[in-house]
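# What the coordinates show
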Amino acid sequence: MKSEAPAIVASANPVIAGERAVVQPHKIPLAAKVAGTVFLAILVPIYLHTYGATNFLWFCDAALILTVAGMWLESSLIVSMCAVGILLPQCLWLVDFSINLLGFHFLNLTSYMFDRQLPIFTRGLSLFHGWLPLLLIWLLSRLGYNQRALSAWTGLAAGLVFVCYFFTPSAGTHLANPNIPININYLYGFNDQQPQHWINQNIYVILWLGVLWLAAFLPAHLALHKIFAAPQPAAVRKLPIRLL
């Protein structure tokens, strides 16, 4: 009987038996990872030259970089937190851009896209605001949604807000290079010409982060959790047990 035990264990565990383990296929195609990396390799140096390093403190730019990292790592947490943070704001960006295309003005979130002083190629790179939400949805369909995304993005957003508020120019600042971003993440209101005046600025920043959490981050989290919830295992679905 003792001689049979190792055989049973070996057959149940092919790795112990020396057989080749089954390699799980990658969930994100290599072509998609390479395409995202190439795009970043083009965008980052151009943005650094045109806008400076602080431009990457924008929520959307930080999310773009993290998304590509999440693709390589195939991390549902990284991809999920980016989706929580920018899906709804990017929809607002698209609405503003579309209204500007029609010759009207809305929130002026995309006015730089129509600035003839900027090279058209540089402005074209910013169209990632339009396709990044679609990419994130596709990635979530493959990786699934991680419930920790809301807390992870909230922490990152708070960190970015802290850095922007204390170390970047406020609205109304006049810089030698007009392309250097001011009022990053709209911490001083939606008017880059001057900070908001209707409330104490310190309180405004806290309220603004709270509004973003309630109006953008939380709704996205709830929707994504419902849409991309992991299917319930069959064993769990058959929980009711007949006791009689």
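Residues numbered from 1 in each chain as written. Predicted model: local features only at pLDDT ≥ 70, side-chain atom pairs only at ≥ 80, totals over all residues. Heavy atoms only, no water.

## Quick notes on the side chain of Lys33
The cut-off we apply is this: Here a helix means four or more residues in a row that DSSP labels H or I, a strand means two or more in a row labelled E, and each is numbered from the N terminus. Throughout, a contact is declared for two residues whenever any of their heavy atoms are within 4.5 Å.
On the secondary structure map, Lys33 appears in helix 2 (residues 30-50). Residues contacting Lys33, with those up to four places away along its chain left out, are His26, Ile28, Met71, Trp72 and Glu74.

## Looking at the packing of helix 7 (residues 149-167) against helix 8 (residues 201-227)
The line we're drawing: A fitted line through C-alpha atoms represents every axis, and for helices the fit uses only the stretch in contact; the resulting angles, taken between N-to-C directions, go from 0 to 180 degrees. In this scheme, roughly parallel covers angles under 35 degrees and roughly antiparallel covers those over 145, while 65 to 115 is roughly perpendicular and the rest are oblique. The crossing is said to be left-handed when, going from far helix to near helix, the turn is anticlockwise and less than a right angle, and right-handed when the turn is clockwise. Classes in brief: Ala, Val, Leu, Ile, Met, Phe, Trp, Tyr, Cys and Pro nonpolar; Asp, Glu, Lys and Arg charged; the others, Gly included, polar.
Axis separation between helix 7 and helix 8 bottoms out at 11 Å; the angle between their running directions is 155 degrees. In terms of orientation, helix 7 and helix 8 fall into the roughly antiparallel class. Of the two possible hands of crossing, helix 7 and helix 8 adopt the one that is right-handed. Residues Leu150, Trp153, Thr154, Ala157, Ala158, Val161 and Tyr165 of helix 7 pack against Gln201, Asn202, Val205, Leu209, Trp213, Phe217, Leu218 and His221 of helix 8. Split by residue class, the contact of helix 7 with helix 8 holds eleven nonpolar, four polar and no charged.

## Quick notes on the nonpolar core
Our working definition: Here the nonpolar core consists of buried residues drawn from Ala, Val, Leu, Ile, Met, Phe, Trp, Tyr and Cys, with membership extended through side-chain atoms lying within 4.5 Å. Summary of the burial criterion: residues with accessible area below 20% of their type's maximum are buried, those above 50% are exposed, and those between are partly exposed, where the area comes from a 1.4 Å probe applied to protein chains only.
Counting 56 residues, the largest nonpolar core has Leu43, Phe59, Val84, Trp153, Leu187, Phe217 and Leu224 as the members making the most contacts within it. Here this core gets eight residues from one element, more than from any other, and that element is helix 7. Not counting residues within four places of it along the chain, the set of residues in contact with Phe217 comprises Phe59, Val84, Gly85, Leu150, Trp153, Ala157 and Leu212.

## As for helix 7
What counts here: One less than the residue count of a helix, multiplied by 1.5 Å, gives the span that helix is expected to have. The directions from the helix axis to the C-beta atoms are what the arc is built from.
For helix 7, built from 19 residues, the straight-helix expectation of 27 Å at 1.5 Å per residue is met to within 8% by its first-to-last C-alpha distance of 26 Å. Listed as buried for helix 7 are Ala149, Leu150, Trp153, Ala157, Leu160, Val161, Cys164 and Tyr165. End-on, the buried residues of helix 7 take up no more than an arc of 125 degrees, which puts them together on one face. Opposite the packed face of helix 7, turned more than 90 degrees from it, sit the exposed residues Ser151, Phe166 and Phe167. Structurally, helix 7 contributes buried residues whose contacts are with helix 3 (59-73), helix 4 (76-101) and helix 8.

## Considerations on a nonpolar patch on the surface
Inclusion rule: The patch calculation keeps residues exceeding 30% relative accessible area without a salt bridge and links them within 9 Å when they carry like charges or within 5 Å when they are nonpolar (Val, Leu, Ile, Met, Phe, Trp, Tyr). Computed by Shrake-Rupley with a 1.4 Å probe, the accessible areas treat only the displayed protein chains as cover when residues are assessed. The salt bridge criterion pairs a side-chain nitrogen of Lys or Arg with a carboxyl oxygen of Asp or Glu, the two atoms within 4 Å.
On the surface, Leu30, Val34, Val38, Ile42, Trp72, Ile120 and Phe121 cluster together into a nonpolar patch covering about 700 Å² of accessible area. Those elements that provide at least two residues to the nonpolar patch are helix 2 and helix 5 (120-125). With four residues, the top contributor of residues to the nonpolar patch is helix 2. Topologically, Val38 is positioned in helix 2. Its relative accessible area of 44% is what places Val38 among the partly exposed residues.

## What to know about the pattern of salt bridges
When the charged atoms of two side chains lie near each other, side chains of opposite charge can form a pair. Within this structure, the stated rule accounts for one salt bridge. Salt-bridge contacts for Glu74 lead to Lys33; the nearest nitrogen and oxygen are separated by 3.0 Å. Of this pair, Glu74 sits in the loop between helix 3 and helix 4 while Lys33 sits in helix 2, and the two are 41 residues apart along the sequence.

## Observations regarding the packing of aromatic side chains
To describe a pair of aromatic rings, one takes the distance between the centres and the angle between the planes. Test applied: Two rings from Phe, Tyr or Trp (for Trp, the six-membered ring) form a pair when their centres are within 6.5 Å of each other. A pair whose planes differ by under 30 degrees is stacked, one over 60 is edge-to-face, and the rest are tilted.
The full count for this structure, using the stated rule, is 17 aromatic pairs. Between Tyr47 and Phe56, the aromatic rings sit 6.3 Å apart at their centres with planes inclined by 40 degrees, giving tilted as the arrangement. With centroids separated by 6.3 Å and ring planes inclined at 80 degrees, the aromatic side chains of Trp153 and Phe217 adopt a geometry described as edge-to-face. Within this pair, whereas Trp153 is found in helix 7, its partner Phe217 is found in helix 8, the two being separated by 64 residues in sequence. No difference in accessibility class separates Trp153 from Phe217, as the two residues are buried.

## Considering the environment of Gly130
Turning to its location among the elements, Gly130 is positioned in helix 6 (residues 128-143). Residue classification places Gly130 among the buried residues on the basis of a relative accessible area of 19%. Considering only alpha carbons, one finds Gly130 and Gln90, 40 residues apart in sequence, at a separation of 7.0 Å. Filtering out sequence-adjacent residues up to four positions away, Gly130 remains in contact with Trp93 and Leu94.

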